Amino acid sequence: MNIFCAYAFTGEDLSAVTERMKLVVDTLNGSGHDTYCNLFDPVVDDIKMRGNDIKEIFARAFEVISTKEAVVAIVTSPNKSVGQIMEIGTALSQDKPVFVLEHSSAVGSTYLPKLATASYEWSDLASLEEALTRIPSNV
């Protein structure tokens, strides 16, 4: 399945986000998916180098979501990520399946699991990796 990854960035530790999202992409790709994460997108890197135009970054995200079959949202805390919520909303408006992977500290903090096709709980990188392997290859 072609997957777009939605994750919180603002206010997060960049090295921890990078490590986590590399694990997410590698695990999903290892399970037969084709996974996109804008953290590793040279187009987004170019936008950032030219002045970090937030509207342009989101335009790119929404463009890519329209080409994907599903969204996997990695929720790391009870803190809301406006960008992640916008990406999930875009996917839902296009009738795409959304898979929410919530850190145990975030469980019960939002209604996202009620909107999701499926939701999974994780507590560390090993349990996140295990949860990712449960994302179906087709929906």
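Just above, that's the structure.
Small disclaimer: the values here were computed from a predicted structure and weren't measured. (Residues numbered from 1 in each chain as written. Predicted model: local features only at pLDDT ≥ 70, side-chain atom pairs only at ≥ 80, totals over all residues. Heavy atoms only, no water.)

1. Comments concerning the layout of surface pockets
One number sums up the size of the largest pocket: a volume of about 530 Å³. Along the walls of the largest pocket sit 28 residues, with Tyr7, Ala8, Phe9, Thr10 and Ser81 positioned nearest its centre. At 5 residues, helix α4 (residues 82-93) tops the list of elements feeding residues into the lining of the largest pocket. Within the lining of the largest pocket, the residues separate by chemical class into 13 nonpolar, 11 polar and 4 charged. (1 Å grid on protein atoms, 1.4 Å probe; cavity = no way out; pocket = protein on both sides within 12 Å on 5 of 7 lines; lining within 4 Å. Points joined across faces, edges and corners; volume = space filled by probe spheres on them. Helix = DSSP H or I, 4+ residues; strand = E, 2+ residues; numbered from the N terminus. Nonpolar A, V, L, I, M, F, W, Y, C, P; charged D, E, K, R; others polar.)

2. Section: the pairing of strand β3 (residues 70-75)
In terms of burial, β3 is largely enclosed, as 6 of its 6 residues are buried. Burial along β3 is two-sided: the face carrying Ala70, Val72 and Ile74 and the face carrying Val71, Ala73 and Val75 are both buried. Strand direction decides the pairing type here: strand β1 (residues 2-7) and β3, joined by 5 bridges, are parallel. Counted as the bridge partner of Cys5 is Val72 from β3. Where β3 lies against strand β4 (residues 98-103), 5 bridges are found, and the strand directions are parallel. When the sheet's bridge partners are listed, Val71 is paired in β4 with Val98. (Buried < 20%, exposed > 50% of the residue type's maximum accessible area, 1.4 Å probe, protein only. Pairing = 2+ DSSP bridges.)

3. A short note on helix α6 (residues 125-132)
Three or more residues of α6 are buried, namely Leu128, Ala131 and Leu132. For α6, the arc enclosing every buried residue in end-on projection is 100 degrees, short of the 170-degree limit, so these residues lie on one face. (Arc of directions from axis to C-beta.)

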